[in-house]
Structures are given as C-alpha cells and as structure tokens.
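# Topology and contacts: notes
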Amino acid sequence: MLLGAPGSGKGTQAEMITRHFGIPVTSPGAILRREVELGTLLGIETAEKTKHGELVPDKIIIDLIEDWVRLHGAAGFVFDGFPRTIPQAEALQGILQRHRTPLDLALWLDVSADTIKDRILHRLQCQSCGFTTSEGAAGFSERAICPYCDGHLIRRTDDDASVLETRLSEFNSKTQPLADFYGKMSTLRKIDGNRDRDAVFADISRLIEQPA
Ligand code: AMP
C-alpha cells in the first residue's frame, strides 16, 4: 500500500508499480472521480466531500475495497490512497484475513510542505487514463495532451489552495496515525518522496523485490 500526504506521489508510484510489476492497482480517489463524472448514485453521494477535500465515510470506502479485493485480490494488489483512517486499516486486516492475503509492505512517501504545495498547485492529470504530470514539465505547457492516450490533461478540481488546506488537515488528523499503526506491525517503510519519480521508484522497486 502507498501512504502519504496529498501530492506525495502515491498515484504516480502506483502507476509505475503496475506498469513495471504488473500488480493491479486500486485507488478510491480515482474511482470516486470517475463515479462523479458518470453521475452515478455513489458519485452524487460523495461529490460534496471530495469537492471540499474531506474524507468520505469509512463504510463507503471499505465496501469499495472489499468488492475490489474479491474481484482482483488473488493476483496481488497495490492500494493507492487506502487506508486513510484507523477504522479503514482495521477493516482491511479483516478483509485480507478472509482472503488469506498478507500485506507485504506499507510504503510511506514522506514529503515536505513545500513539495506538497508545489506539486498540488501545478498538477495536471489525464482525464482519460489518470496519468499525472506538472504544468511545467517539458512539452506539456503548450499542448496539454496525455503522452500515453491523447486524453486531455486538466487540473483536478480539488487541487486548489483552499481545498488543499482541508485535505492536509484531514491527512494530519486521520491518516498520520497510520504511521504508528503500520510501524508496530513492522510492514512500514518510509521513503523520501521529495525526489523525482524515477529515484523514488528505484527505492520502491528494491523493496518490492526484497521486502525483508
Ligand atoms: P485522492 O485521489 O487519493 O487524492 O483522493 C481524492 C478524494 O477522494 C479525497 O480527498 C477524499 O475525498 C476521497 N478519498 C480517496 N480515498 C479515500 C479514503 N481512503 N478514505 C476516504 N476518502 C477518500
């Protein structure tokens, strides 16, 4: 699982892990954005929370993950942005026990406040495939088109300064305690997430190949 503040690179690293190792990834945030776009009941129910940067109720997220693990879990998994609260982490233990699947690694991407601000306020994301880049990245400033699928690169609506404040406060109060939770289970590995995506991925790859 990938844990860390907004802008710590969880989505980017999840995508690199799935491309390189072929491990299926799930991201509640990406699922919810798609549900909102499609105007489904789930999207309508959660839109107010996601729009304002608040976490959606645990029960909704746990049900999403339980369904996903039932469908894909046997092939291994990468969780991007799950769990984000202690009740979610506790529910996950039950889900994994029922599916007889161990949790190998909890990867914590450590980032500074400056990195978070810089990434979030300049982030562009592909509307079709979710590829993430920055406004300043070479080649994207004039033609905001995804290099992988030709989709439109857009700003996420929750990537704005005032919503970011709420997202950070949710992170500090509800997600930060997971560092202790997984630290006690000795599955936690902290990684310096302030570096570029390839340097971070090199560390993650080493841990995946040799988790002990
Ligand atoms: P993300 O794409 O991971 O930044 O998530 C975007 C938004 O989706 C968050 O700000 C929350 O509103 C919601 N969300 C994503 N994952 C979770 C989670 N594990 N628990 C509660 N809300 C979540």
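Because the structure is a prediction, the values reported are computed rather than measured.

About the cut-offs
Residues numbered from 1 in each chain as written. Predicted model: local features only at pLDDT ≥ 70, side-chain atom pairs only at ≥ 80, totals over all residues. Heavy atoms only, no water. Helix = DSSP H or I, 4+ residues; strand = E, 2+ residues; numbered from the N terminus. Buried < 20%, exposed > 50% of the residue type's maximum accessible area, 1.4 Å probe, protein only. Lys, Arg positive; Asp, Glu negative; His and termini not counted. Salt bridge = Lys/Arg side-chain N within 4 Å of Asp/Glu carboxyl O. Contact = heavy atoms within 4.5 Å. Phe/Tyr/Trp six-rings, centres within 6.5 Å; stacked < 30°, edge-to-face > 60°. Lys NZ or Arg CZ within 6 Å of the ring centre and 35° of its normal. Core = buried A, V, L, I, M, F, W, Y, C linked by side-chain atoms within 4.5 Å. Pairing = 2+ DSSP bridges. Axes fitted to C-alpha atoms, helices over the stretch in contact; angles between N-to-C directions.

## Details of the side chain of Asp80
Within the secondary structure, Asp80 sits in the loop between β3 (78-79) and α5 (86-98). An unpaired buried charge is present at Asp80: no salt bridge exists, and Lys10, the closest side chain of opposite charge, is 5.3 Å distant. Setting aside chain neighbours within four positions, we find Asp80 in contact with Leu2, Lys10, Gly11, Ala14, Val25, Thr26, Ser27 and Pro28.

## Observations regarding the packing of aromatic side chains
Under the criterion given, the structure shown has 7 aromatic pairs. Note on Phe79 and Phe82: the rings are 5.4 Å apart at their centroids and 85° apart in plane angle, and the pair reads as edge-to-face. Phe79 sits in the buried class, given a relative accessible area of 0%. Using a relative accessible area of 0% as the deciding quantity, one classes Phe82 as buried. Considering the side-chain rings of Phe131 and Tyr148, the 5.0 Å spacing of their centres and the 65° angle between planes classify their relative orientation as edge-to-face. Separated by 17 residues along the polypeptide, Phe131 in the loop between β5 (123-126) and β6 (132-134) and Tyr148 in the loop between β6 and β7 (153-154) bring together distant segments of the chain. In this structure an aromatic cluster arises from ring pairing among Trp68, Phe77, Phe79 and Phe82. Seen from the ring of Tyr148, Arg19 lies directly overhead, with NZ or CZ sitting 4.1 Å from the centre. We note Lys190 situated over the ring of Trp108; from NZ or CZ to the ring centre the distance is 5.6 Å.

## Focus on the nonpolar core
If you look at the biggest cluster of nonpolar residues, it comprises 32 residues, and the most contacted ones within it are Met1, Phe79 and Tyr182. Looking at this core, the elements with two or more residues in it are α4 (58-72), α5, β4 (106-110), α6 (113-121), α7 (161-175) and α8 (178-184). Considering each element in turn, this core owes the most residues, 7 residues, to α4. What Phe79 contacts, discounting residues up to four positions off in sequence, is Met1, Leu2, Thr26, Ile65, Trp68, Val69 and Leu92. Counting 14 residues, the second largest nonpolar core, distinct from the first, contains Ala14, Ile191, Phe201 and Ile204.

## Brief notes about the sheet that holds β4
Spatially, the 3 strands line up as an open sheet ordered β1-β4-β8, and their pairing is parallel. The sheet is open, and its two borders are formed by β1 (2-4) and β8 (188-192), each paired with just one other strand. The sheet shows a mean angle of 30° between the axes of neighbouring strands, direction not considered. The pairing of β1 with β4 spans 3 bridges and is parallel. The partner of Gly4 across the bridge, within β4, is Leu109.

## Brief notes about the sheet that holds β7
Strands in a sheet are paired, the pairing made by backbone hydrogen bonds, and the direction either parallel or antiparallel. Taken in spatial order, the 3 strands of this open sheet run β6-β5-β7, and their pairing is antiparallel. Where the open sheet ends on each side, the last strands, each with one partner, are β6 and β7. In this structure, β5 lies alongside β7, joined through 2 bridges in antiparallel fashion. From the neighbouring strand, Gln125 faces β7, where its bridge partner is Ile154.

## A closer look at unusual backbone geometry
Of note, the bond from Phe82 into Pro83 is cis; its omega dihedral lies within 30 degrees of zero at -5°. Counting through the fold element by element, Pro83 comes out in the loop between β3 and α5. With phi around 65°, Asp150 is a residue other than glycine that occupies positive phi space. Summarising the element assignment, Asp150 is placed in the loop between β6 and β7. For Ser186, which is not glycine, the phi torsion reads 50° and is therefore positive. For Ser186, a relative accessible area of 56% gives the class exposed.

## A few points about the pairing of β5
Residues Arg123 and Gln125 point to one face of β5 and Leu124 and Cys126 to the other, with burial holding for every one of them. Note that β5 and β6 share 3 bridges and pair antiparallel. Paired with Arg123 across the bridge in β6 is Ser134. Counted between consecutive antiparallel strands, the loop separating β5 from β6 contains 5 residues, among which Gly130 sits at a positive phi close to 90°.

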